[in-house]
Amino acid sequence: DTRHGPILYLEDVTVSFDGFRALNELTLYIDDGELRCIIGPNGAGKSTMMDVITGRTRPDHGAAWFGQRLDLLRMDETEIAGAGIGRKFQKPTVFPHHRVVENLELAMAGPRGVWSALGARLSGEARDRIDSVLKEIGLGEAGHELAGKLSHGQKQWLEIGMLLMQNPRVLLVDEPVAGMTHQEMDRTAELLTRLAGRHSVVVVEHDMEFVRSIARQVTVLHQGGVLAEGSMDEVQSDPRVVEVYLGE
Ligand code: ADP
Ligand code: MG
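What comes next concerns the included structure. In this text, all values refer to a predicted model and were calculated from it rather than measured experimentally.

## A look at the sheet that holds strand β4 (residues 61–66)
And then number 1: Within the open sheet, the 4 strands sit side by side as β2-β1-β4-β5. Their pairing is antiparallel. Looking at which strands have only one partner, the edges of the open sheet turn out to be β2 (20–31) and β5 (70–71).
And then number 2: Where strand β1 (residues 6–17) meets β2, 8 bridges bridge the pair, whose relative direction is antiparallel. Counterpart to S16 in the pairing with β2 is R21.

## Brief notes about the pairing of β4
Regular strands have side chains that alternate between both faces of the sheet.
And then number 1: In this sheet, β4 lies alongside β1 in antiparallel orientation, the contact comprising 5 bridges. By the bridge assignment, L10 is partnered in β4 with A64.
And then number 2: Here β4 runs beside β5; their pairing, made up of 2 bridges, is antiparallel. Each residue of the ladder has a partner; that of F66, found in β5, is L70.

## A look at the nonpolar core
And then number 1: Core analysis: the largest hydrophobic core is formed by 67 residues, its most contacted members being I53 and L158.
And then number 2: Sorting elements by how many residues they give to this core places helix α6 (residues 152–164) first, with 6 residues.
And then number 3: When near neighbours in sequence (up to four residues on either side) are disregarded, L158 contacts V94, V100, N103, I137, L139, A147 and L150.

## A few points about the site of ligand 1
And then number 1: Taken together, F17, A22, G40, N42, G43, A44, G45, K46, S47 and T48 make up the full set of residues near ligand 1.
And then number 2: The element that contributes the greatest number of residues to the shell around ligand 1 is helix α1 (residues 46–53), accounting for 3 residues.

## Notes on the pairing of strand β3 (residues 35–39)
And then number 1: Among the 5 residues that make up β3, 5 are buried, leaving the element largely enclosed by the rest of the structure.
And then number 2: With 4 bridges joining them, β3 and strand β8 (residues 200–204) adopt parallel strand pairing. The residue of β8 that forms the bridge with C37 is V203.
And then number 3: For β3 and strand β9 (residues 217–222), the ladder comprises 4 bridges, and the chain directions are parallel.

Cut-offs used in this document
Residues numbered from 1 in each chain as written. Chains lettered and ligands numbered in written order. Predicted model: local features only at pLDDT ≥ 70, side-chain atom pairs only at ≥ 80, totals over all residues. Pairing = 2+ DSSP bridges. Helix = DSSP H or I, 4+ residues; strand = E, 2+ residues; numbered from the N terminus. Core = buried A, V, L, I, M, F, W, Y, C linked by C-beta atoms within 7 Å. Buried ≥ 20, exposed ≤ 12 C-beta atoms within 10 Å, placed from the backbone. Contact = placed C-beta atoms within 7 Å. Near = placed C-beta within 6 Å.

These results come straight from atomic positions and should not be treated as a statement about function.
Below, the structure written as structure tokens:
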């Protein structure tokens, strides 16, 4: 069997808060190297899904696997991040008083190495890695600027770059284009498309125009489960999806 199989696999995952089911028997497969968009109205369970994958929330029942071997429900947040699942939250969380390159150095060192990373002599290999990530995220000319001085869009790209320093297999990205200009949105679409293939990329996003510009495969969540799955054209012409969005 030469198929890659899913890199990420949730089966019948249920999460309840005081009896309310934020996720209700959610089943989802993400293939290796794919770019998947997850859409759905507010409260559909998108962030809770990311919380389950990253070990922040434990489901009442269900299964969650990373590749064929790693049972995410037996791992904690640090282990999951270390195993190769990187998450970008909605608000950028760069270190504003450090330069762009220093942010990437800190990200490469990881949470345990932060205090020794700055000022340490970088190996040639580390330098090359930082340079290539800088180019990848379009900040090749901004490496020596303070991260706090970057535009909103540039901060989001830097944060994606910080995730890339850990060389993750899966990137989970929550609402990357909120607050971006159209031009920044186009560049973000281009960046995420470029990253897919080398990584699996899962994007939660509200902006439909943006989703249309990047997505090959779209999953619509509603009331904690999958309402529809397919191309953007397919899901947008699905009467159940139309009804859910008109009801917002
Ligand atoms: P989305 O990200 O799709 O907007 P969420 O996953 O944040 O949705 O939330 C799904 C539902 O679960 C919402 O109704 C939300 O109010 C509820 N919820 C999420 N987290 C908690 C929590 N920690 N305690 C209680 N209810 C929560
Ligand atoms: Mg959310």
